[in-house]
Amino acid sequence: MSDPNSAITPEVVAAHGLTPEEYTRCLDALGRTPNLTELGIFSVMWSEHCSYKSSRVWLKQLPTTGPRVICGPGENAGVVDIGEGLAAVFKMESHNHPSYIEPYQGAATGVGGILRDVFTMGARPVAIMDPLRFGSPDHPKMRHLVSGVVAGIGGYGNCIGVPTVGGECSFHASYDGNILVNAMTVGLARADKIFYSAAAGIGNSVVYVGSKTGRDGIHGATMASAEFDDASEEKRPTVQVGDPFTEKLLLEACLELMAGDTIVAIQDMGAAGLTSSSVEMASKGGVGLELDLDSVPCRETGMTAYEMMLSESQERMLMILKPGLEDVGRKVFEKWGLDFAIIGKVTDTGRLVLRHKGAVVGDLPVDALTDAAPMYERPWEATPKRAPLPAQDVPAPDSIIGALTTLISCPDLSSKAWIWQQYDHTVMADTVARPGGDSAIVRIHGSNRGLAITTDCTPRYVHADPEAGGAQAVAEAWRNLTAVGALPLAVTDCMNFGNPQKPSVMGQFVGSIQGMSAACRALDFPVVSGNVSLYNETNGQAIQPTPAIGAIGLIDDLGQTVRHGLAPGLSLVLVGDTLGHLGSTLYLREVLGREDGPPPPVDLAAERRNGDFVRAGIRAGTIKACHDVSDGGLLVAVADMAMATGTGAQLSVPSGQLPHAFLFGEDQARYVVALAPEAVPGFETEARAAGVPVLRLGQSSGDQLIVEGHGTISISELKTRNEAWLPAYMARP
Amino acid sequence: MNAAVIVFPGSNCDRDVATALEQAMGKKPIMAWHGNADLPQVDLVVLPGGFSYGDYLRCGAMAAQSPVMREVVARAKSGTPVLGICNGFQVLTETGLLPGALMRNASLKFVCRDVTLRVEAANTKFTSHYAPGSLPRMTVAHGDGNYFADAATLDELEQSGRVAFRYVDDAGQATPEANPNGSARSIAGILNAAGNVLGMMPHPERHADPLLGGTDGKALFSSLVQALS
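(A) Looking closely at the overall build of chain A. A count of helical and extended segments in chain A gives 25 helices and 28 strands. Taking 27 Å as the expected radius of gyration for a compact globule of 733 residues, we find that chain A reaches 26 Å, a close match to that expectation. For chain A, the spread of C-alpha atoms along the three principal axes comes to 85 × 50 × 50 Å. Within chain A, the fraction of its 733 residues that count as buried is 65%. By sequence separation, contacts in chain A at least 24 residues apart represent 85% of the contacts at least 6 residues apart.

(B) Geometry of the overall build of chain B. Within chain B, the secondary structure is distributed over 5 helices and 11 strands. For 229 residues, the compact-globule estimate of 2.2 N^0.38 gives 17 Å, and the C-alpha radius of gyration of chain B, at 16 Å, lies within 12% of that figure. The principal-axis extents of the C-alpha atoms in chain B amount to approximately 45 × 35 × 35 Å. Within chain B, buried positions represent 61% of all 229 residues. By sequence separation, contacts in chain B at least 24 residues apart represent 75% of the contacts at least 6 residues apart. A total of about 8200 Å² of accessible surface is found on chain B, and carbon and sulfur atoms cover 52% of it. Averaging the locations of the 18 positively and 21 negatively charged side chains of chain B gives two centres separated by 2 Å.

(C) Structural view of the interface of chain B and chain A. In this complex, chain B contributes 27 residues to the contact, which on the side of chain A involves 30 residues. Taking both partners together, chain B and chain A bury about 2300 Å²; carbon and sulfur atoms supply 58% of that area. It is Arg15, Leu211 and Leu212 of chain B in chain B that bury the most area against chain A; as a group they hold 25% of the surface buried on that side. Here chain B and chain A share 12 residue pairs in polar contact (both at pLDDT 80 or more) between them. Elements represented by at least two residues in the side of chain B that touches chain A include exactly helix H1 (14-25), strand S6 (111-119) and strand S7 (137-142) of chain B. Per-element tally for the side of chain B that touches chain A: the top contributor is S6 of chain B, with 4 residues.

(D) Quick look at the nonpolar core. Residues Phe134 and Phe333 of chain A together with Leu83 and Phe165 of chain B are the most contacted members of the largest nonpolar core, which totals 124 residues. Examining the composition of this core, we find that 9 residues originate from one element, helix H10 (residues 244-258) of chain A, more than from any other. Among all residues touching Phe134 of chain A, those that are not within four sequence positions of it are Met142, Leu145, Val146, Val149, Cys169, Ser170, Phe171, His172, Tyr175 and Ile179 of chain A. Listed in part, the 57 residues of the second largest apolar core include Ala433, Val484, Phe497 and Leu604 of chain A.

(E) Here's a closer look at the environment of Ala429 of chain A. Looking at where Ala429 of chain A falls in the secondary structure, it is placed in the loop between helix H16 (417-420) and strand S14 (431-433). When the C-alpha atoms of Ala429 of chain A and His445 of chain A are compared, they prove to be 8.7 Å apart, with 16 residues separating the residues in sequence.

(F) How the structure looks around the pairing of strand S12 (residues 351-356) of chain A. All names here are of chain A. Strand direction decides the pairing type here: strand S9 (residues 288-292) and S12, joined by 4 bridges, are parallel. If you follow Glu290 over to S12, its bridge partner there is Val353. Pairing between S12 and strand S13 (residues 359-365): 6 bridges, direction antiparallel. Residue pairing for S13: Leu354 is matched across the bridge by Gly362.

(G) Broad picture of unusual backbone geometry. We note that Ala429 of chain A has phi near 50°; this positive angle belongs to a residue other than glycine. Unlike most non-glycine residues, Asp55 of chain B shows phi in positive territory, near 50°. With respect to the helices, strands and loops of the structure, Asp55 of chain B is situated in the loop between strand S3 (44-47) and helix H2 (67-77).

(H) A look at helix H15 (residues 400-408) of chain A. Residues and elements named next belong to chain A. When you tally the buried positions in H15, you get 7 out of 9 residues, the bulk of the element. Regarding H15, the residues found buried are Ile400, Ile401, Ala403, Leu404, Thr405, Leu407 and Ile408. Buried-residue contacts for H15 involve helix H20 (586-592), helix H22 (633-645), helix H23 (659-664), strand S27 (704-707), strand S28 (711-714) and helix H25 (715-730). The opening residue of H15, the one whose side-chain oxygen lies 3.3 Å from the backbone nitrogen of Ile401, is Ser399.

(I) Summary view of the sheet that holds S7 of chain B. Residues and elements named next belong to chain B. Here 9 strands make up an open sheet; going across it, the order is S2-S1-S3-S4-S11-S10-S9-S6-S7 and the pairing mixed. Looking at which strands have only one partner, the edges of the open sheet turn out to be strand S2 (30-33) and S7. On average, each strand axis in the sheet is tilted by 25° relative to the strand beside it, whichever way the strands run. Here S6 pairs with S7 via 6 bridges, running antiparallel. Looking at S7, one finds that Val115 is bridged to Met138. Those strands touched by H1 are strand S1 (3-7), S2, S3 and strand S4 (82-85), and its axis lies near 175° from that of S1.

(J) Local environment of the state of the cysteines. Taken as a whole, this structure holds 0 disulfides over all chains when the rule is applied. This cysteine, Cys26 of chain A, is not joined by any disulfide, and Cys50 of chain A carries the nearest cysteine sulfur, 15 Å off. Judged by its relative accessible area of 0%, Cys26 of chain A is buried. Here Cys59 of chain B is not disulfide-linked; the sulfur of Cys86 of chain B is the nearest cysteine sulfur, at 8.7 Å.

(K) Region of the structure containing the packing of aromatic side chains. In this structure the tally under the stated criterion is 15 aromatic pairs over all chains. Their ring planes at 40° and their centres at 6.1 Å tell us that Phe333 of chain A and Phe340 of chain A sit as a pair that is tilted. When sorted by exposure, Phe333 of chain A lands in the same class as Phe340 of chain A, which is buried. With 6.2 Å between their ring centres and 90° between their planes, Tyr130 of chain B and Phe165 of chain B make a pair best called edge-to-face. Here Tyr130 of chain B, found in the loop between S6 and S7, pairs with Phe165 of chain B, found in strand S9 (residues 163-168); they are 35 residues apart in sequence, far enough to count as distant.

(L) Summary view of a nonpolar patch on the surface. Residue and element names in this part refer to chain B. The grouping of Tyr56, Leu57 and Met62 at the surface amounts to a nonpolar patch, some 310 Å² of accessible area in total. Of note, Met62 is situated in the loop between S3 and H2. Judged by relative accessible area, which is 34%, Met62 ranks as partly exposed.

(M) Representation of the environment of Arg215 of chain A within the structure. Residue and element names in this part refer to chain A. Tracing the backbone shows Arg215 in the loop between strand S7 (205-210) and helix H9 (220-223). Between the C-alpha atoms of Arg215 and Ser313, which are 98 residues apart in sequence, the distance is 7.2 Å. Contacts of Arg215, omitting those with residues within four sequence positions, involve Glu300, Thr301, Gly302, Met303 and Glu307. Side-chain polar atoms of Arg215 contact the backbone oxygen of Thr301, separated by 3.4 Å. A distance of 3.2 Å separates a polar atom in the side chain of Arg215 from the backbone oxygen of Gly302.

(N) Seen up close, the confidence of the model for chain B. On average, residues of chain B carry a pLDDT of 97, and 100% of them reach 70 or more. What the predictor reports for the complex is a pTM of 0.96 with an ipTM of 0.97.

(O) Focus on the side chain of Asn499 of chain A. All names here are of chain A. Among the structural elements, Asn499 can be located in the loop between strand S17 (487-496) and helix H19 (503-522). A polar contact is formed between the side chain of Asn499 and the backbone nitrogen of Gln501, at a distance of 2.8 Å. Residue contacts for Asn499: discarding those within four places in its chain leaves Glu227, Val505, Tyr535 and Glu537.

Calculation rules
- Residue numbers run consecutively from 1 along every chain, following the written order of its sequence.
- For this description, chains carry letters from A and ligands carry numbers from 1, given in the order in which they are written.
- Local features in this predicted model are restricted to residues whose pLDDT is 70 or higher, and side-chain atom pairs enter the listing and the counts only when it is 80 or higher, whereas totals over whole chains, interfaces and linings include all residues.
- For the side-chain quantities, the full set of heavy atoms in the structure was used; hydrogens and water were omitted.
- Here a strand is any run of E in DSSP of at least two residues, a helix any run of H or I of at least four, and the numbering for each starts at the N terminus.
- For this measure, only C-alpha atoms enter the radius of gyration; the expected value for a globule follows 2.2 Å times N^0.38, where N is the number of residues.
- The classification of residues rests on relative accessible area computed with a 1.4 Å probe and restricted to protein chains. Under 20% of the type maximum is buried, over 50% is exposed, and intermediate values are partly exposed.
- Contacts: residue pairs with any heavy atoms within 4.5 Å of one another.
- Values of accessible area rely on a 1.4 Å probe in the Shrake-Rupley scheme; residue burial ignores everything except the protein chains shown.
- In this tally, Asp and Glu contribute negative charge and Lys and Arg positive charge; neither His nor the terminal groups of the chain are included.
- A charge is said to be at NZ when it belongs to Lys, at CZ for Arg, at CG for Asp and at CD for Glu.
- Each of two parts loses accessible area, computed with a 1.4 Å probe, when they are put together; buried area is these two losses added.
- Whenever a nitrogen or oxygen atom comes within 3.5 Å of another N or O atom, the pair is scored as a polar contact, on the condition that within protein one atom can donate a hydrogen and the other can accept it, and that pairs from neighbouring residues in sequence are kept only if both atoms are in side chains.
- Here, the term nonpolar core denotes a set of buried Ala, Val, Leu, Ile, Met, Phe, Trp, Tyr and Cys residues that are joined through side-chain atoms within 4.5 Å.
- Strand pairing is assigned whenever DSSP identifies at least 2 bridges connecting the two strands.
- Interaxial angle, 0 to 180 degrees, is taken between N-to-C directions of lines fitted to C-alpha atoms, where a helix line uses only the stretch in contact.
- The disulfide criterion is simple: two cysteine sulfur atoms within 2.5 Å.
- We call Phe, Tyr and Trp rings a pair once their centres come within 6.5 Å, taking the six-membered ring for Trp, and we label the pair stacked below 30 degrees between planes, edge-to-face above 60, and tilted otherwise.
- The patches described consist of residues with a relative accessible area above 30% and no salt bridge, like charges being joined within 9 Å and nonpolar side chains (Val, Leu, Ile, Met, Phe, Trp, Tyr) within 5 Å.
- By salt bridge we mean one thing: a side-chain nitrogen of Lys or Arg within 4 Å of a carboxyl oxygen of Asp or Glu.
- Confidence of the predictor at the level of single residues is captured by pLDDT, which takes values from 0 to 100.

Take a look at the structure:
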């Protein structure tokens with residue numbers, strides 16, 4: 001395919017993932033027939049992955065500004081002011097398609113890519129989070145995928161020495177053919193030293209640094225923009241191979257060079273490699289670039305222009321350096337044993353010109369590749385609303401304690417220690433709250449302040465009602481940050497959906513955006529970065545829509561945070577209203593084997609009121625422990641709090657409530673808080689004044705969980721059940 | 001007291017151990033780049049954790065051949081205290097300063113978790129601030145921490161009091177469950193015959209701050225400061 005002289009036939013165009021209409025558009029933009037290299041460049045730049053052609057019109061609805069936002073979507077990562085001259089730089093991305101084909105390398109390079117996005121902007125990465133969605137545990141490939149993905153994430157993050165502090169892991173048959181591997185990185189930078197990608201300075205050198213270019217990953221972006229079928233395994237050669245050691249060197253070399261004043265612009269070579277990095281830099285700067293491909297460091301001999309431009313070899317960066325300072329840069333990269341090559345210069349032509357072996361092998365107008373890229377308003381149909389499911393129509397379990405043990409040992413709620421113990425979560429010696437809590441907490445190095453970090457999404461809610469589910473994902477992230485005492489700051493999103501050419505799937509996307517947008521506005525929680533992954537379908541079956549939300553919050557005093565573990569002798573109080581909503585709950589799915597009913601409604605005003613009240617209680621020191629109520633409902637939340645420290649609890653069901661709806665309903669905007677008994681009356685008075693519903697639940701003591709009138713279970717048995725499933729599953733013969 | 005932390009390409013606990021040393025010493029250690037053979041005169045050399053040279057050969061094997069290590073070996077042989085943590089321990093076995101080898105974990109998986117240690121040798125420069133038999137908690141984070149040596153070497157280590165730390169349970173018993181990596185005789189750290197070189201897989205520098213889950217690692221650094229100041 002890479003013979004530069006091959007004719008551009010309709011078959012070649014189709015093989016590049018361009019429709020006949022898009023090819024016509026490409027001919028119009030160029031005014032002539034492209035050669036194969038140029039066609040390849042159009043193909044990756046106009047791929048869904050790079051151009052956001054189906055999603056762009058909707059993404060514009062998300063709120064992206066706020067008093068703390070230094071840089072919103074469009075750069076390598078979002079940047080938020082966290083005070084004291086510092087900024088948090090963060091983003092989440094997907095690496096779904098490669099991870100299904102080759103789980104170790106797919107997941108590893110997903111981590112590598114998102115780390116680069118963050119340090120490209122001048123930030124030292126300080127935390128990684130990985131939300132993972134796998135298919136049914138009984139699917140024949142699934143253990144291989146779980147094992148490979150976890151090892152790949154660990155293999156990369158552990159080596160580079162950035163702690164992986166949390167994530168999510170759930171299982172549902174809709175992901176059987178398309179697992180989701182999302183990765184988020186958070187970094188810290190000086191707020192006045194953020195690096196951007198806009199090329200500038202006519203005549204300045206274009207510099208290539210990092211690994212050499214090989215033939216790996218050619219057309220990865222195109223692969224990520226198509227559905228899978230049974231032949232997808234054959235795409236294995238398009239998966240890139242990661243080298244975390246080189247990335248560690250690249251990280252240190254970039255940060256060392258960034259400490260000086262030599263870089264005009266910098267961009268990592270991610271999807272679509274040298275093509276997208278050079279085009280993005282030229283486009284953002286409103287300039288042209290001339291590249292001499294003979295100077296590109298290559299791993300293999302005889303690489304064609306086509307291969308060099310489309311390679312997705314990892315651990316590479318493109319920079320524009322200030323004139324005359326090339327040797328300063330060269331010295332730093334040579335110290336770290338990395339390639340450093342001047343491969344071109346900035347021009348005023350607005351064109352990307354490629355020279356190879358004495359000939360011009362590509363000459364393209366930059367704006368045609370970016371601004372003139374197709375943008376679609378795909379037809380969409382709203383997801384039909386589901387019929388209400390009143391709690392009295394949902395059967396009670398045979399035993400409340402039996403239902404609790406079913407829930408805490410189900411794949412979604414069982415302990416994920418088997419996973420996070422394979423991740424170095426304490427390197428950098430700043431991990432204050434480790435995986436397993438509501439949010440991870442990472443100290444801002446050398447200070448007593450910290451960042452809280454979470455990722456959230458409940459795909460079964462989004463599937464049932466995309467708008468409510470989109471809002472819920474944002475609200476739960478906000479709540480998880482609040483539950484440790486952090487002030488929620490901003491959001492990154494990773495929009496994982498099926499084929500956007502299907503109106504039903506596009507309707508899920510639109511609904512999710514609308515719900516997210518409403519929640520972000522109501523909670524002052526702007527979206528500063530993100531990624532869209534479409535075509536998560538195999539043989540026409542789409543995944544449950546999964547708009548994964550990553551979010552960060554600020555803790556001004558690490559002495560004013562709480563965890564969810566109970567200490568003895570505290571009173572347990574429920575904050576927030578309990579209506580007993582059972583539609584689309586885990587209780588319904590895991591205990592009754594049903595997935596019907598609408599998801600819980602999200603009341604954003606109540607969410608904010610209740611959360612602000614809880615955060616104030618944590619900061620005042622009134623609240624000693626706190627946990628958000630989410631999957632599995634109230635009883636699972638209390639069980640989590642007990643299992644975290646081994647301290648038991650006793651609670652009662654208020655009269656007039658259906659016990660199973662009260663204990664397992666998934667009403668939103670709720671927290672369980674633990675207070676000293678003498679603090680409860682004052683807490684109740686303040687809650688009334690703030691319009692926040694509170695309810696006394698019981699107290700913490702002993703080593704058993706007691707639900708009055710419904711049974712008792714020891715915390716050690718709960719823990720055994722909670723910890724058993726995943727190791728046993730992975731050890732199955 | 002002066003200390004140097006050797007920085008190999010791929011070291012990633014260099015900053016962490018430097019922070020813990022600074023807390024203990026009251027001044028910053030020297031960060032010594034692997035490519036410089038001229039190591040300054042110091043009272044302590046620390047080989048930090050990480051993945052030196054990517055650990056693409058055996059862990060620590062390439063670092064053991066780097067220019068600075070020739071000097072580190074010479075200093076160790078002339079009595080300068082050398083502390084190797086995690087990857088640093090692996091480098092020490094690869095240079096031959098410590099006997100045995102660190103193999104792939106018995107689980108074949110990377111493991112990051114807190115472990116309980118039993119202090120077996122409290123009469124050393126590195127451990128004098130621990131009570132003999134005390135049970136400090138520290139974090140392990142490694143894929144290759146499975147200590148191996150032949151039976152004669154292990155017997156000699158035991159008889160000469162050169163096993164510094166062992167993995168144990170909360171009751172102080174060396175059980176298979178308490179051993180995170182399958183190490184022979186639950187060994188977590190060993191000394192050389194002269195007692196000036198300590199290699200250990202657990203990370204004391206990650207347990208040197210109350211915010212991070214414990215301070216049991218601090219005694220190791222304060223022992224060194226007392227011995228070397």
